[in-house]
Amino acid sequence: MKSYRKELFFNTATRREIINITPDVERALGESGIQEGLLLVNAMHITASVFINDDESGLHNDFEKWLERLAPEKPYSQYEHNGFEDNADAHLKRTIMGREVVVAITNGRLDFGPWEQIFYYELDGMRRKRVLIKIIGD
């Protein structure tokens, strides 16, 4: 069995942003040479998420509105966590959206269902963050 590790780095211009990272993940899979196995993609920061869904802007806007209703960013004073920071809402949103995804690899390709894509969701941006890709298999 082989393993392959790669990091992706992000520094968004806005506090929240959804980025389709499927092409980056597919490129890493190609670099790995692995044909059969499993691929893990996870956000290495507790205020960012990696998830699988459809690449449709209306849906992405729905995520943003839904999460903002569940854990509104402001007022910052509503959260005990917000003392020296103002990102308690990002921690809560990440808990809902998830930390990582695992995708099967079949014949050297991501074994997706229809419309599935991998996304990085920055929830407290404007600074450098990273995502880990770990691939194991043969």
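Residues numbered from 1 in each chain as written. Predicted model: local features only at pLDDT ≥ 70, side-chain atom pairs only at ≥ 80, totals over all residues. Heavy atoms only, no water.

### Some remarks on the pattern of salt bridges
Okay, step 1: Per the stated rule, a full pass over the model turns up 17 salt bridges.
Okay, step 2: Salt-bridge contacts for R15 lead to D86; the nearest nitrogen and oxygen are separated by 3.4 Å. One end of the pair, R15, is in the loop between β1 (2–10) and β2 (17–20); the other, D86, is in the loop between α2 (57–70) and α3 (88–97), with 71 residues separating them in the sequence. (Salt bridge = Lys/Arg side-chain N within 4 Å of Asp/Glu carboxyl O. Helix = DSSP H or I, 4+ residues; strand = E, 2+ residues; numbered from the N terminus.)

### A closer look at the environment of N107
Okay, step 1: Among the structural elements, N107 can be located in the loop between β5 (100–106) and β6 (109–110).
Okay, step 2: C-alpha separation for the pair N107 and N20, spaced 87 residues apart in sequence, amounts to 23 Å.
Okay, step 3: Not counting the four nearest positions on each side in its chain, N107 is found in contact with Q35 and E36. (Contact = heavy atoms within 4.5 Å.)

### Focus on the nonpolar core
Okay, step 1: In terms of nonpolar packing, the biggest core is built from 22 residues, with I21, L39, V41 and I118 touching the most fellow members.
Okay, step 2: Residue assignment for this core shows that the elements contributing at least two residues are β1, α1 (22–32), β3 (37–43), β4 (48–53), β5, β7 (117–122) and β8 (129–137).
Okay, step 3: In terms of nonpolar packing, the next biggest core, distinct from the first, is built from 8 residues, F51, F63, M97 and L123 among them. (Core = buried A, V, L, I, M, F, W, Y, C linked by side-chain atoms within 4.5 Å. Buried < 20%, exposed > 50% of the residue type's maximum accessible area, 1.4 Å probe, protein only.)

### Considering the packing of α2 against α3
Okay, step 1: One can describe the packing of α2 onto α3 by two numbers: an axis separation of 10 Å at closest approach and a directional angle of 120°. By the angle between their axes, α2 is oblique relative to α3. Both α2 and α3 take part in a crossing whose hand is right-handed. Residues F63, W66, L67, E68 and L70 of α2 form the contact with α3, whose participating residues are K93, I96 and M97.
Okay, step 2: When the residues that make up the contact of α2 with α3 are grouped by side-chain class, the tally is 6 nonpolar, no polar and 2 charged. (Axes fitted to C-alpha atoms, helices over the stretch in contact; angles between N-to-C directions. Parallel < 35°, antiparallel > 145°, perpendicular 65-115°, else oblique. Left-handed = near helix turned anticlockwise from the far one by under 90°. Nonpolar A, V, L, I, M, F, W, Y, C, P; charged D, E, K, R; others polar.)

### Concerning the side chain of N42
Okay, step 1: Looking at where N42 falls in the secondary structure, it is placed in strand β3.
Okay, step 2: In this view, N42 contacts V50, R99, E100, V131 and L132; residues no more than four positions away in its chain are not counted.

### So, a nonpolar patch on the surface
Okay, step 1: Side chains of M1, L38, V102 and I136 sit close together on the surface and give an oily, nonpolar patch of about 410 Å² of accessible area.
Okay, step 2: As for its position among the elements, L38 is in strand β3.
Okay, step 3: Overall, the relative accessible area of 43% leaves L38 in the partly exposed class. (Patch = residues over 30% accessible without salt bridge, like charges linked within 9 Å, V, L, I, M, F, W, Y side chains within 5 Å. Areas by Shrake-Rupley, 256 points an atom, 1.4 Å probe, with all protein chains shown as cover.)

### Thoughts on the sheet that holds β4
Okay, step 1: Read across the sheet, 3 strands follow the order β2-β7-β4 without closing on themselves; strand pairing throughout is antiparallel. Pairing within the sheet leaves two strands with one partner each, and these edge strands are β2 and β4. The mean angle between the axes of side-by-side strands here comes to 25°, regardless of whether they run parallel or antiparallel.
Okay, step 2: Here β2 pairs with β7 via 4 bridges, running antiparallel. By the bridge assignment, N20 is partnered in β7 with F119.
Okay, step 3: Running at roughly 40° to β7, α2 makes contact with β2, β4 and β7 of the sheet.
Okay, step 4: The sheet strands contacting α3 are β4 and β7, and the helix crosses β4 at an angle near 30°. (Pairing = 2+ DSSP bridges.)

### A closer look at α3
Okay, step 1: Among the 10 residues in α3, 7 count as buried, and that is most of the element.
Okay, step 2: Listing the buried residues of α3 in full gives A88, D89, A90, H91, K93, R94 and M97.
Okay, step 3: Considering only its buried residues, α3 is in contact with β3, β4, α2 and β7.

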